[in-house]
Amino acid sequence: MTRVRELTPDDARKLTALYEDYEWWADSEVDDVRRALGETEVAIGIEEDGNLVAAARVLTDYTYYANVFDVIVAADRRGEGFGETLMQAVVDHPDLQDVAGLSLLCRRGLIPYYETVGFELFDPEIEIPEGGTEELVRMTYEQNE
């Protein structure tokens, strides 16, 4: 039986196990994932027969922005429609219906997939108050460990 449901900090062990399929999350610790889930406004998972097979987290201010993070489908379950079901659950989530913009970052190779579930490439060039346009760039800051 397949079930879409909200994830809670109690799901940290299952989500950490799902992350282990992917190198960039392989060092995730259960306690860190538990803390992240506790601070995540919207976290959605798909279970099949009690196993977590897909998940996504959304950070939002419930008004202007909602950013989708950590979209994951178990490596051995890709191509079975879990990703589409997951992203539809994100888009349809009742807490996100009044948010002006839903966005995510993804690898270039995943653009066609996200387009099939309704996302569009963001035009990174905006008009600036001083006149003309300027390209937006993504910047990051890593805290010292």
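This text gives an overview of the structure that appears in the document. All of these numbers come straight from a predicted model, not from anything done at the bench. (Residues numbered from 1 in each chain as written. Predicted model: local features only at pLDDT ≥ 70, side-chain atom pairs only at ≥ 80, totals over all residues. Heavy atoms only, no water.)

This brings us to the overall build of the chain. The helix and strand inventory of the chain stands at four helices and seven strands. Ordered by position from the N terminus, the helices and strands of the chain form the series β-α-α-β-β-β-α-β-α-β-β. With the C-alpha coordinates aligned to their principal axes, the bounding extent of the chain is approximately 55 × 40 × 30 Å. Burial statistics for the chain: of 145 residues in total, 34% are counted as buried. Taking contacts inside the chain between residues at least 6 apart in sequence as the whole, the part at least 24 apart equals 54%. In the structure as shown, the chain presents an accessible area of about 10,000 Å², 47% of it carried by carbon and sulfur atoms. Seen as two clouds, the 12 positive and the 33 negative side-chain charges of the chain have centres 8 Å apart. (Helix = DSSP H or I, 4+ residues; strand = E, 2+ residues; numbered from the N terminus. Buried < 20%, exposed > 50% of the residue type's maximum accessible area, 1.4 Å probe, protein only. Contact = heavy atoms within 4.5 Å. Areas by Shrake-Rupley, 256 points an atom, 1.4 Å probe, with all protein chains shown as cover. Lys, Arg positive; Asp, Glu negative; His and termini not counted. Charge placed at Lys NZ, Arg CZ, Asp CG, Glu CD.)

Here the focus is unusual backbone geometry. Positive phi values are uncommon outside glycine, yet Tyr62 reaches one of about 65 degrees. Tracing the backbone through its elements, the reader meets Tyr62 in the loop between strand 3 (51-60) and strand 4 (65-73). Take Tyr62: its relative accessible area is 35%, and that puts it in the partly exposed class. One non-glycine residue, Asp70, adopts positive backbone phi at about 55 degrees. Tracing the backbone shows Asp70 in strand 4.

Once that is clear, we can look at the packing of aromatic side chains. Tallying each qualifying case throughout the model produces three aromatic pairs. For the pair Tyr64 and Tyr65, a centre-to-centre distance of 6.3 Å together with 50 degrees between the ring planes defines the contact as tilted. By relative accessible area, Tyr64 is classed as exposed at 55%. Exposure remark for Tyr65: the relative accessible area of 56% places this residue in the exposed category. (Phe/Tyr/Trp six-rings, centres within 6.5 Å; stacked < 30°, edge-to-face > 60°.)

Further remarks concern the side chain of Thr60. With respect to the secondary-structure elements, Thr60 resides in strand 3. A distance of 2.9 Å separates a polar side-chain atom of Thr60 from the backbone nitrogen of Tyr62. (Polar contact = N/O pair within 3.5 Å; in protein donor to acceptor, adjacent residues only side chain to side chain.)

To continue, consider the sheet that holds strand 1 (residues 2-6). Pairing between the strands of a sheet is mediated by backbone hydrogen bonds and can be parallel or antiparallel. Strand order in this open sheet of five strands is 1-2-3-4-5, and the pairing throughout is mixed. The sheet is open, and its two edges are formed by strand 1 and strand 5 (101-104), each paired on a single side. The sheet shows a mean angle of 20 degrees between the axes of neighbouring strands, direction not considered. By the bridge criterion, five bridges tie strand 1 to strand 2 (residues 42-48) in an arrangement that is antiparallel. Paired with Arg5 across the bridge in strand 2 is Gly45. Contacting strand 1, strand 2, strand 3 and strand 4, helix 1 (residues 12-19) crosses the sheet at an angle of about 100 degrees to strand 3. (Pairing = 2+ DSSP bridges. Axes fitted to C-alpha atoms, helices over the stretch in contact; angles between N-to-C directions.)

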